[in-house]
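For reference, the chains in residue letters:
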Amino acid sequence: MIQFPITSSDTDNGDTLYTLQNAQDMRITISNRGATLISWFAPDRYGRMADILLGYPDAQAYVGNKEYFGALVGRWANRIAGGRFAVDGADYLVDRNEAGNHLHGGDSGFHLARWQARPEEDGLRLTLMSPEGEAGFPGNLQVTVLYRLDDQGSLSIDYQAITDAPTPVNLTSHGYFNLNGGSSGIGDHLLTIDADHFLKIDKQLIPVEAAEVAGTAFDFRQPAPIGPRLSWPDAQIALAGGFDHCYCLDWDDDKQRGNLRTVANVYDPGSGRELSLATTETGLQFYSGNFLGGVQGRGATPYATHDGFCLEAQAYPNQVNGPDAEAVILRPGQVYRQTTVYSLGVRR
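Everything numeric here is computed off the predicted structure, so don't read it as measured data.

Draft legend 1. Up close: the overall build of the protein. Secondary structure summary: the protein contains two helices and 27 strands in total. Taking 20 Å as the expected radius of gyration for a compact globule of 348 residues, we find that the protein reaches 19 Å, a close match to that expectation. Over its C-alpha atoms, taken along the principal directions, the protein stretches across nearly 60 × 50 × 40 Å. Burial analysis of the protein (348 residues in total) assigns 56% to the buried set. At a minimum sequence separation of 6, the contacts of the protein that also span at least 24 residues come to 65%. When the accessible surface of the protein is totalled, it reaches about 13,900 Å², and 48% of it is carbon and sulfur. For the protein, the separation between the mean place of its 26 positive charges and that of its 42 negative charges on side chains is 2 Å.

Written out as structure tokens, the structure reads:
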């Protein structure tokens, strides 16, 4: 196992911050509030350190965290249409916190909870017990996440969950990245996503059908800058105010499903920083920070629209109401498992 120091400090509101540091002097700070990624300081090609994560100016703002900055979101990441679903013939209505739909766990989502944190030899483990009925979900759910940072610059996020009654589970990390450290927007970031299809959405951002990326603004199979795609005359871009769509990650065959593989890459030519994402999940939500305008971050000037991006590995939005719903139902005796790895390096 690769070992690294973990330090901790308390905030004014009683939350605890834990900092992971590796041999490159990368430093990732995680809060027990929402198991949240607060900051990630990393060098550029000249060795200059900057924070590549967006976030609030103080700990108190994370008590509400309306933007979900860096949070681990659940029990259901993304959207459930109408906040309704059925499991084994029983109907459920969960928190409807966005235009009549459920989003990111609702008003009492995992991003607001204080997790139990325990530093370990090779990482930071956080645990949460979500009681039956919380946000309207069935079953008592116990969730564990393990954060590990290695000396090569890879942040591994390993999730596990168990339940005592059938319940939908879909977890993800909602970090907002800007690889230039916030010196400008993300328009010149070169994005690659290894997917042939994405999910089209309606005006409420609920998926309606899968579509090929070929010939559309959504084709990132070859590296392309994000900025120009935001201004393409595409009805889907107009609906979301940018990108807020799930990509269907392609697997060679069913035997490969659930294995860890690299599915996305982002490169910032200015700083030389390069971020890749590997996951065991079937979906990847690409969000281009469409609602960041006016949000006060850590700098003197509020964030502007498209100042950050999210790459959220997860199940498909509203999958619990689709033909593959059973795949996102966790049952007693089963273990929900997911691994996602963000790897950060530098091109010289």
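Draft legend 2. Expanded view of the sheet that holds strand β22 (residues 261-267). Reading across the sheet, the nine strands line up as β11-β12-β13-β14-β27-β23-β22-β17-β20 and stay open at both edges, with antiparallel pairing between neighbours. On the outer flanks of this sheet lie β11 (116-120) and β20 (224-225), each paired with one strand and no other. Relative to strand β27 (residues 336-346), strand β14 (residues 154-163) runs antiparallel, the two being bridged by eight bridges. Within β27, the position partnered with Leu155 by the bridge is Tyr342.

Draft legend 3. Quick peek at the sheet that holds strand β25 (residues 310-314). Within the open sheet, the five strands sit side by side as β19-β18-β21-β24-β25. Their pairing is antiparallel. With one partner strand each, in any of the chains shown, β19 (207-212) and β25 form the two edges of the open sheet. Neighbour-to-neighbour, the strand axes of this sheet turn through a mean angle of 30 degrees, independent of strand direction. Summarising the sheet, strand β24 (residues 283-287) and β25 pair through five bridges and their orientation is antiparallel.

What counts and what doesn't
Residues numbered from 1 in each chain as written. Predicted model: local features only at pLDDT ≥ 70, side-chain atom pairs only at ≥ 80, totals over all residues. Heavy atoms only, no water. Helix = DSSP H or I, 4+ residues; strand = E, 2+ residues; numbered from the N terminus. Rg over C-alpha atoms; globule rule 2.2 N^0.38 Å. Buried < 20%, exposed > 50% of the residue type's maximum accessible area, 1.4 Å probe, protein only. Contact = heavy atoms within 4.5 Å. Areas by Shrake-Rupley, 256 points an atom, 1.4 Å probe, with all protein chains shown as cover. Lys, Arg positive; Asp, Glu negative; His and termini not counted. Charge placed at Lys NZ, Arg CZ, Asp CG, Glu CD. Pairing = 2+ DSSP bridges. Axes fitted to C-alpha atoms, helices over the stretch in contact; angles between N-to-C directions.

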